[in-house]
Amino acid sequence: MTPALRKAYLRAMQIDTWSARTRGSGLAVQAPSPGATGLNEADWGELEAGVAGCRRCTLCESRTRTVFGVGDRHAAWFVVGEAPGAEEDRQGEPFVGRAGQLLNAMLRAIALDRNQVFIANVLKCRPPGNRDPQPAEVAECLPYLERQIALVKPRIVLVVGRVAAQSLLGTDEPLARLRGRVHRYGPDARPLVVTYHPAYLLRSPADKRKAWDDLRFAREAAGRG
Ligand code: URA
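1. Comments concerning the sheet that holds strand S5 (residues 183-185)
1) Next: The strand order S1-S3-S2-S4-S6-S5 describes an open sheet built from six strands, whose pairing is mixed. With partners counted over all chains shown, the strands left at the sheet margins are strand S1 (70-71) and S5, one partner each.
2) Next: Note: strand S2 (residues 77-81) against strand S4 (residues 156-160), four bridges, orientation parallel. Within S4, the residue paired with Phe78 across the bridge is Val157.
3) Next: Where helix H6 (residues 135-152) meets the sheet, it contacts S2, strand S3 (118-121), S4, S5 and strand S6 (190-195), and its direction lies at approximately 170° from that of S2.

2. Remarks on the confidence of the model for the protein chain
1) Next: Put simply, the protein chain has an average pLDDT of 88, and 83% of its residues get 70 or more.
2) Next: With pLDDT under 50 throughout, residues 1-26 is counted as low confidence; its partners more than four residues away or in other chains account for 34 contacts.

3. Focus: the site of the ligand
1) Next: Taken together, Gly81, Glu82, Ala83, Glu88, Pro94, Phe95, Asn121 and His197 are the residues near the ligand.
2) Next: Within the backbone of Glu82, an N or O atom sits 2.8 Å from an oxygen atom of the ligand.
3) Next: Taking Ala83, its main chain carries an N or O atom lying 3.1 Å from a nitrogen atom of the ligand.
4) Next: Split into classes, the residues belonging to the shell around the ligand amount to three nonpolar, three polar and two charged.

4. Focus on the nonpolar core
When a protein is soluble and globular, its nonpolar side chains tend to lie buried together.
1) Next: Residues Trp77, Val80, Leu145, Val159 and Leu168 are the most contacted members of the largest nonpolar core, which totals 59 residues.
2) Next: Ignoring sequence-local partners within four residues, the contact set of Leu145 consists of Phe78, Val80, Ala120, Asn121, Val122, Lys124 and Leu168.

5. Overview of the packing of aromatic side chains
1) Next: As enumerated under the stated definition, the model contains four aromatic pairs in all.
2) Next: Seen from their ring centres, Trp44 and Phe118 are 5.5 Å apart, and the 40° between their planes marks the pair as tilted. Highlighted residues: Trp44 in helix H2 (residues 44-52) and Phe118 in strand S3, separated in sequence by 74 residues.
3) Next: Relative accessible area serves as the criterion here: at 1%, Phe118 is assigned to the buried category.
4) Next: Ring-pair connections join several aromatic residues into one group, and the members of that group are Trp44, Phe68, Phe78 and Phe118.
5) Next: Stacked on the ring of Trp44, the Lys or Arg Arg73 has its end atom at 4.3 Å from the ring centre.

6. Considerations on H6
1) Next: Across its 18 residues, H6 extends 25 Å between first and last C-alpha, which sits within 8% of the 26 Å expected from 1.5 Å per residue.
2) Next: In the structure, H6 departs most strongly from a straight axis at Cys141, where the bend amounts to approximately 40° and where the proline Pro143 lies between one and four residues downstream.
3) Next: Counting buried residues in H6 gives 14 out of 18 residues, a clear majority hidden from the surface.
4) Next: In the segment just after H6, Lys153 is the residue with positive phi, at about 55°.

7. Overview of helix H5 (residues 98-109)
1) Next: With 12 residues, H5 extends 17 Å between its outermost C-alpha atoms, agreeing within 8% with the 16 Å of an ideal straight helix rising 1.5 Å per residue.
2) Next: Those residues of H5 not exposed but buried are Ala99, Gly100, Leu102, Leu103, Asn104, Met106 and Leu107.
3) Next: Looking at the buried side of H5, the elements it contacts are S2, S3, S4, S6, helix H9 (198-203) and helix H10 (208-224).
4) Next: Directly beyond the C-terminal end of H5, a positive phi value near 60° is found at Ala111.

Scoring rules and cut-offs
- Along each chain, residue indices are assigned from 1 in the same order as the chain's sequence is written.
- Only residues with pLDDT of at least 70 get local features here, since the model is predicted, and only at 80 or more are side-chain atom pairs given and counted; chain-wide, interface and lining totals rely on the full set of residues.
- Derived side-chain values reflect all non-hydrogen atoms in the structure, with water molecules and hydrogen atoms excluded from consideration.
- Strand pairing follows a simple DSSP-based rule, namely that at least 2 bridges must link the two strands.
- Strands here are runs of E lasting at least two residues and helices are runs of H or I lasting at least four, both read from the DSSP assignment and numbered beginning at the N terminus.
- Contact criterion: two residues are considered in contact whenever any of their non-hydrogen atoms come within 4.5 Å of each other.
- Lines fitted to the C-alpha atoms define the axes, with helices restricted to the stretch that makes contact. Angles between their N-to-C directions range from 0 to 180 degrees.
- Confidence of the predictor in every single residue is expressed as pLDDT, which spans 0 to 100.
- One heavy atom within 4 Å of a molecule or strand is enough for the residue carrying it to be called near that molecule or strand.
- The definition of a polar contact used here is a pair of N or O atoms within 3.5 Å, where within protein one atom must be able to donate a hydrogen and the other to accept one, and adjacent residues in sequence count solely through side-chain atom pairs.
- Under the grouping applied here, Gly and all other residues not named as nonpolar or charged are polar, the nonpolar ones being Ala, Val, Leu, Ile, Met, Phe, Trp, Tyr, Cys and Pro and the charged ones Asp, Glu, Lys and Arg.
- Here, nonpolar core means buried Ala, Val, Leu, Ile, Met, Phe, Trp, Tyr and Cys residues that are tied together by side-chain atoms lying within 4.5 Å of each other.
- Under the scheme applied here, a residue whose accessible area is under 20% of the maximum for its type counts as buried, over 50% as exposed, and between as partly exposed, the area being computed with a 1.4 Å probe on protein chains only.
- Here the aromatic set is Phe, Tyr and Trp, taking the six-membered ring for Trp, and pairing holds for ring centres within 6.5 Å; pairs whose planes are under 30 degrees apart are stacked, those over 60 apart are edge-to-face, and all others are tilted.
- Charge over a ring is defined by NZ of Lys or CZ of Arg lying within 6 Å of the ring centre and within 35 degrees of the ring normal.
- What a helix should span is 1.5 Å times the count of its residues minus one.
- Here the bend at a residue is taken as the angle between two axes, fitted respectively to the seven residues that end there and the seven that start there.

Structure, rendered in structure tokens:
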């Protein structure tokens, strides 16, 4: 099949083909590629050491612990959140607070245990007062996540929340426009699906039904590869 025909099929199925990040406002950042930052060959040990000692941005001054990520390093599902909160900063593990409890429940709803997926954030250090990540912080930190995804080689990347989605996709499109589509991520064009952040769902439980739709949609996309 020619690339043009393949693209036409993907379009007809409403599957986006991956394209390089574009500059824009808001969180659409031009992140340094892993190659540019020397991480593209890093193994897990090098990556962990890099994050643990990272001083690429000023968040290192206020963090208690870095939050590398946790889970199965051969997982089919890679879940991406925004940044550590207070509890994650204390424990050094992503999604351990109230939002984490809901994330675990969301995963269980599609028959996945937390230990069966890999979970990481765009930022590895907590922004003070849980403020939104700044574009420069995202740009410095994103190569760690890019390398983590490349090492895990998941069948699907599930991104929770607007901030993480915009950071990974290099766009400032609203969450409503990013849901319900299969995006393609990275040089391997891995399927990527966006849903609500569990912290948002705690505030707006009426949208849990839509999140459930997203999870089933992601499961289908993971099956298709
Ligand atoms: N919210 C996130 O996005 N990540 C965490 O690890 C915790 C809360």
